[in-house]
Every structure is written in structure tokens, then in C-alpha cells.
Amino acid sequence: MATVLVLLASLMAVLSSARPARADEAADNQFVAVPPAVLADTRDGTGGVGSAKVPGKGRITFRVAGQAEVPASGVSAVALNLTVVGAEQAGWLTVHPSDVPATVSALTFYPGENVTGEDFTRLTGTGMVSVVNNSDSPVHIVVAVRGYFLSAADTQAGNEYYPVETEYLYDTRPGHVTGSPAREAIPIPANSSVTIDVAGQRSIPATGVNAVALNVVAWSQGQKGWLSLHPSDQPAGNVATVDYVPDETDSSFTVAQLTGSGKLILENRGSGPVHAALTLRGYFGGTAEEGGAGYTAVPSKVIVETLTGTGVPGGSTQALAPGQSVTFDVTQGIDLGEKIMASAALTIQARQPTDKGWLTAYPAEDGDPDISSVNYDAAESTTGFDLVIPDSQGRVTVTNRGPGTTHVQVSMRGYFTDPPIPAEYDNPPELPVTETMPEEDEAATTGAPSRHFEARARLGFDRLTLPGVFDGRVWWHGRAPYELYINAEVTDNRADGRCIGALVRMDGKVYSSWKNWVACGNQKSRTLKGWFPRTASRIDFKACQVHPKTRRYTWCTTQWK
């Protein structure tokens, strides 16, 4: 039998004080969803923008504050739906407050195609937004609003954001059928719809959800068309969620309002069938539930661009090869104070791709979820929007999942933050930590000479910012084709539903996640076990609080050593 090196490490967490309810705190850029409403449309002049195409290098400026259920004041940003119609040449749109010009692309388009995207656009004191046509030919532009973010000083009740692990909520493709009610592996027929259960599905609570953050993807279509998403108890509108064209995979982020029915209707407004998938990013819910995040809008800023080497480790200007990634810190240059970034609002662009493919964006410490953030076509730069959870060090990874190369540009539009750790979490009491040293082992079955491996556990553990939570480190000397068995004990003495999770990292790679490394509420103690390849020279532990519904790690112990 294979030789096994056994390490037994102890990780203890005792939480003695509950966190104050968020309902008692002031609003922090909370979100209010509204039924999709058109603010500007150059096809008919809605919004006072004229009823003609916007000329090349031209712009439209229109009022947002005080329009379509958006308050006249107290709004920091709006969730906008952008559509380009009738493009004659390739180009892109920039979207910004009327008094703060920007150069970062919010939407790219190509001749003969209609395209739709989303943007969280900051509002300034003017209450107006400008959209610029950065092409050499005229286009029609349609802008609709899906919701707004309150300013931190506003007293109106809103909803906080609860990011969740990226997962499929609904999918019609053969071999991928997902969702409720389950649909056979057939596309959505032309000019028809499907009703999708949302409340109570996946990581979404059954009640109290105001809106969901989704990426919507159209596949395998043979005709032009568009998809529309709306609550099942509201009439369908004429605002596109995704425009699609033949022989492409088209996608768009959206914030979909969820009403009392808890269901959404996905309509195919095309002349042919189309497969569709909805992938979940998070939900907006009331402040009574613990763990929600508020939004901060910032001026658009490029944080990574492989064409120029901006933000790229080592300054490389090479395009991403198939399967290659770029990792970057989304918190760099942002003063978070004592708050924690829960999710980053990012504009992600695939530039100069050589083949069809997609980009995935995810926490750097996690594995690639293989769920697209931006789908792109050969030789067509494509811009998308996404909400991405940073890892415990504030990092995000973007991976090229296409068979060709592509450059990548990532821009920050804003971010969600969890509240600071309460003062009562300071000066935690010392707790005893036990350890068991492994017995000696030899590589007899491999035919290799007998070797002695030493494993040590630190006797002294760091003081941390959570009461009674400690993290530890185990390391050893030498390398061999052994396996490592880890047994960590996690204890939670509070019966309030709060969870404690252990993260295990070997030589910089995280091997554990909430799925099997968490102890919650009334489950006072749980033994967390795992088998890993014995190819590392160092292992680290740390403990985190884990939201019982979203299963998102927050308020971890110290950073990785």
C-alpha cells in the first residue's frame, strides 16, 4: 500500500459575541430595483436625444435623476441597460456622468449587428449621463434603467448585495439541462418563452429577494433575435437583455427585478429557436439578513491591460494563450478603511481575439468555475460587465477559455463592501491549541531508500481579529511521492447560524472550500479531513467566518503567510 505521511493539526474557533444586525445601521449605497424603463432612445427621441442616429464621434446626454422611478437626488449610481442598433461600422460606446468624461469602453459593436450590455454608471451632481459613439459611422442608441444605488447619506430603505459562488441557475442545452422547472434539452422556440423558478433556488433565499444578478447567454441560434427577462407577474417590456446573431455565442450581464411571484420569464424575441443559460452572481435582499454589502461607485479606471502591460505581473504585453490567465489585485489603490471588498464591478474586454472563446473571471484562490463572464467571436473585440468576488487577498483571475489568443482589458466601475469588523471583535482571548506530531514513515513500497521526514506544528499562534479564532501553519522538510492527510478540528460555540470555515493551502494553492470544510451554528464541532498529493513543501491554515446562506468567506483570520 502507498506510504502515507499523516499530519494532525488542530484549528479552533470560539465566537462569543454576536455581530450587530445590519438593520440598525445606516444605509450604505443600497440598491433599489425598478421595472426596466427606457431613458433615452434615438429611434423615437425618448429622453430628448433626438430621433436620428448618433453620428460618428457624436454623443447623447440625457437626464437620469428624477426619471423612471429614479429619485431626483440621493442616488450614487444607476444600473443601465445599453443597446446599439443599426451599426454600419465597428465601434464602441463610452458611458459616464455628463461632467466627467471617460475613455473606457462599456459596449463594443460591429456592422449589421445589434448588441446589448450592462453598466453600473456613476451619477454626479448633474444627474445626467452621456453616451459617446466611438465609431466613424452613425448608430442608434437605446438606454434603459434597471435600478439605482442610494448615496450613503440617503435614508431611503434599499437592498444590500449578497454575492454567491458562480453557478448555473438555468440551462437548456443538451447535457447541461439545469433549473426549475426542468426543461427538456431543446431550444426555446421562436417568439415563445419559458418560466423559471428563481426564489428558493440554488443560493437564493425563498423570500426577501428584490433582484438577482445574472449573466445571460444565448447559444446555437440560426437567426437574429434577442432575449428579454422580466418577472412573471409583470408585463413584458421592449428592453433587450441579450441580442444574438447566427453562429455566435452572445452574452450579457443583467440585474433582474424579482417580485412576489419569485419567478422570471425568459422570452425569445427571435425568428428562430435559441438555447439559453442563466448563471448566478448574487442577489439583492433586505438589510435584516446578515452579511449584505453596499456599493461604492468610482470613476472608470483601467486596472489590467495586456496590450500595454498595465497591471500585468512582470509587465508582459503578450496576449493570453489558450488556458492562460492573468491575476491582479482589484483592491490596489482603494482605501477600504476597515471594510472588506465583497465584490468588484468590472468591465472586462476581450481584445483582438484570434478565435471564438470566452473569458472567465473568478477569485484567484478558487479554481476556474468554467462559467463565462464574456463570450467573444473571432476577430471581434467584445466588452462585458461582471460582478466578481475577490479572494482573501483582494485578487481576481481572468482566464482565456478559447482555442486562440486574446488580449484582455479590465476596468473598475465600483465595488461592494462588507461592513467593518465590530469593535467587540478586538483583543480576543487566548485559547489553548493542541497538536499531534506524526509518526515517522518510510517509502518502502516505492523501492526508494528509507527516508525520515519531519513535520512540525507551530506552538505559538498569531493573535487575530476574531475572538478566539486562530490560524496555524504546518511545514516539513524534503520531498517524496507521498500523500498528505489533514485532520483539522473546528469548533463554533455560538448557536446563531454563523459558520466557521477552514482554508488549507499547499505551496500557494488552496485545496479546500466551503463545500466540505465548514462547521455551522448548532453543529458545535466538525472534523475537516482531506487527502492531498504529497508534492508540496509547506501547508498553511486559516479560519474564516462563512455566511450560512451565501457560503461566502468573510472576516478571515490573518492573510496567508
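Residues numbered from 1 in each chain as written. Predicted model: local features only at pLDDT ≥ 70, side-chain atom pairs only at ≥ 80, totals over all residues. Heavy atoms only, no water.

Novice: When you look at the overall build of the chain in this model, what are you seeing that I'm missing?
Specialist: Helix and strand counts for the chain stand at zero helices and 35 strands. Contacts in the chain between residues far apart in sequence, at least 24 positions, make up 79% of those at least 6 positions apart. Roughly 21600 Å² of accessible area belongs to the chain as shown, and the carbon and sulfur atoms make up 50% of that amount. (Helix = DSSP H or I, 4+ residues; strand = E, 2+ residues; numbered from the N terminus. Contact = heavy atoms within 4.5 Å. Areas by Shrake-Rupley, 256 points an atom, 1.4 Å probe, with all protein chains shown as cover.)

Novice: Would you explain the confidence of the model for the chain in this entry?
Specialist: Any segment with low pLDDT has predicted coordinates that should not be analysed in fine detail. Within the chain, residue pLDDT values average 78, and 68% of them lie at 70 or more. Considering only residues more than four positions removed or in separate chains, one finds that residues 1-27, a stretch of pLDDT under 50, has 99 contacts. Predicted confidence for residues 529-536 stays below pLDDT 50, and this span has 38 contacts to residues more than four positions away or in other chains. (pLDDT = per-residue confidence, 0-100.)

Novice: Got a minute to help me understand the pattern of salt bridges in this structure?
Specialist: Pairs can form between side chains of opposite charge whenever their charged atoms are close. According to the stated counting rule, one finds 13 salt bridges in the structure shown. Of the charged contacts, one joins Asp 171 and Arg 173 as a salt bridge, the two residues approaching to 2.7 Å between their closest N and O atoms. For the salt bridge of Arg 281 with Asp 386, the shortest nitrogen-to-oxygen distance reads 2.8 Å. With a gap of 105 residues between them, Arg 281 in strand β17 (residues 275-285) and Asp 386 in strand β23 (residues 382-388) connect regions that are remote in the sequence. Pair check on accessibility: Arg 281 and Asp 386 agree, each one buried. Because the salt bridges share partners, they merge into one network encompassing Asp 368, Asp 370 and Arg 401. (Salt bridge = Lys/Arg side-chain N within 4 Å of Asp/Glu carboxyl O. Buried < 20%, exposed > 50% of the residue type's maximum accessible area, 1.4 Å probe, protein only.)

Novice: Looking at this structure, I do not really get the packing of aromatic side chains. What am I missing?
Specialist: Two aromatic rings, taken as a pair, are described by how far apart their centres are and by the angle between their planes. Under the counting rule described, the total for this entry stands at 15 aromatic pairs. Members of the aromatic cluster, joined through ring pairs, are Phe 31, Phe 120, Phe 149, Tyr 161, Phe 253, Phe 284, Tyr 295, Phe 385 and Phe 416. Above the ring of Trp 219, the side-chain terminus of Arg 173 is found at 3.7 Å from the ring centroid. (Phe/Tyr/Trp six-rings, centres within 6.5 Å; stacked < 30°, edge-to-face > 60°. Lys NZ or Arg CZ within 6 Å of the ring centre and 35° of its normal.)

Novice: Help me understand the environment of Lys 339 in this model?
Specialist: Here Lys 339 lies in the loop between β19 (325-329) and β20 (340-351). For Lys 339, a relative accessible area of 30% corresponds to the partly exposed category.

Novice: Explain the sheet that holds β20 to me, please; I cannot follow it from the model alone.
Specialist: Sheets are built from strands that pair by backbone hydrogen bonding, the pairs being arranged parallel or antiparallel. Ordered by their spatial adjacency, four strands build an open sheet running β18-β25-β20-β23, and the pairing between neighbours is antiparallel. At either margin of the open sheet sits one strand with a lone partner, and together these are β18 (294-305) and β23. When strand polarity is set aside, the average angle formed by the axes of neighbouring strands in this sheet is 20 degrees. Relative to strand β25 (residues 407-418), β20 runs antiparallel, the two sharing 11 bridges. Bridge pairing in β25 links Ser 343 to Phe 416. (Pairing = 2+ DSSP bridges. Axes fitted to C-alpha atoms, helices over the stretch in contact; angles between N-to-C directions.)

Novice: Got a minute to help me understand the environment of Gln 89 in this structure?
Specialist: Topologically, Gln 89 is positioned in the loop between β4 (75-85) and β5 (91-97). Look at Gln 89 and you get partly exposed, because its relative accessible area is 37%. When the C-alpha positions of Gln 89 and Ser 135 are compared, they lie 6.9 Å apart, and in sequence the two are 46 residues distant.

Novice: I tried to follow the environment of Ser 252 on my own but got confused; where do I start?
Specialist: If you trace the backbone, Ser 252 turns up in strand β15 (residues 250-257). Once the C-alpha coordinates of Ser 252 and Gly 117 are considered, the two residues, 135 residues apart in sequence, prove to be 5.4 Å apart. Setting aside its immediate chain neighbours within four residues, Ser 252 contacts Thr 116, Gly 117, Glu 118, Leu 214, Asn 215, Val 216, Thr 241 and Val 242. Among the polar contacts listed, one links the side chain of Ser 252 to the backbone oxygen of Thr 241, at a separation of 3.4 Å. (Polar contact = N/O pair within 3.5 Å; in protein donor to acceptor, adjacent residues only side chain to side chain.)

Novice: Help me understand the sheet that holds strand β2 (residues 31-41) in this model?
Specialist: One open sheet accounts for four strands, arranged β2-β9-β4-β7; its pairing is antiparallel. For this open sheet the edge positions go to β2 and β7 (115-122), each flanked by a neighbour on one side alone. The mean inter-strand angle of the sheet, taken between neighbouring strand axes irrespective of direction, is 20 degrees. Here β4 runs beside strand β9 (residues 140-150); their pairing, made up of 10 bridges, is antiparallel. Across the sheet, the residue bridging to Leu 80 is Val 145, located in β9.

Novice: Teacher, can you tell me more about unusual backbone geometry here?
Specialist: Leaving glycine aside, a negative phi is the common case for residues, and trans is the common case for peptide bonds. Following Ser 180, the chain continues to Pro 181 via a peptide bond in cis, the omega torsion being -5 degrees. Relative to the assigned elements, Pro 181 resides in the loop between β10 (160-171) and β11 (192-197). Although it is not a glycine, Asp 247 adopts a positive phi angle of roughly 65 degrees. By the secondary structure assignment, Asp 247 is in the loop between β14 (242-244) and β15. On the basis of relative accessibility, which here comes to 59%, the residue Asp 247 falls in the exposed class. Even without a glycine there, the phi angle at Gln 352 is positive, about 55 degrees. Relative to the helices and strands, Gln 352 resides in the loop between β20 and β21 (357-363).

Novice: Is there a simple way to think about the pairing of β10 in this case?
Specialist: Strand residues, when the strand is regular, have side chains that alternate between the two faces of the sheet. The buried fraction of β10 amounts to nine of the 12 residues, a majority that puts the element mostly inside the structure. Pairing of β10 with β17 involves eight bridges; the strand directions are antiparallel. By the bridge assignment for β17, Glu 160 is matched with Gly 285.

Novice: Explain the pairing of β20 here, please?
Specialist: For β20, a buried count of 10 out of 12 residues is recorded, marking the element as mostly surrounded by other parts of the structure. In this sheet, β23 lies alongside β20 in antiparallel orientation, the contact comprising seven bridges. Each residue of the ladder has a partner; that of Thr 347, found in β23, is Phe 385.

Novice: For this particular structure, what's the right way to read the nonpolar core?
Specialist: Nonpolar side chains in soluble globular proteins tend to end up buried together. Membership of the largest hydrophobic core comes to 31 residues, with the highest contact counts inside it found for Phe 62, Val 78, Leu 80 and Val 131. Contributions of two or more residues to this core are made by β2, β3 (59-63), β4, β5, β6 (107-109), β8 (128-133) and β9. Excluding anything up to four places from it in sequence, Val 131 contacts Gly 58, Arg 59, Ile 60, Phe 62, Leu 93, Thr 94, Val 95, Ile 141 and Val 143. Within the second largest apolar cluster, 27 residues are counted, among which are Leu 227, Val 242, Leu 264 and Leu 266. (Core = buried A, V, L, I, M, F, W, Y, C linked by side-chain atoms within 4.5 Å.)

Novice: Explain the side chain of Thr 383 here, please?
Specialist: Looking at the element boundaries, Thr 383 is found in strand β23. Look at Thr 383 and you get buried, because its relative accessible area is 9%. Here the side chain of Thr 383 touches Ser 105 through a polar contact of 3.2 Å, side chain to side chain. Apart from residues lying up to four places away in sequence, Thr 383 is in contact with Ser 105, Ala 106, Leu 107, Thr 108, Thr 347, Ile 348 and Gln 349.

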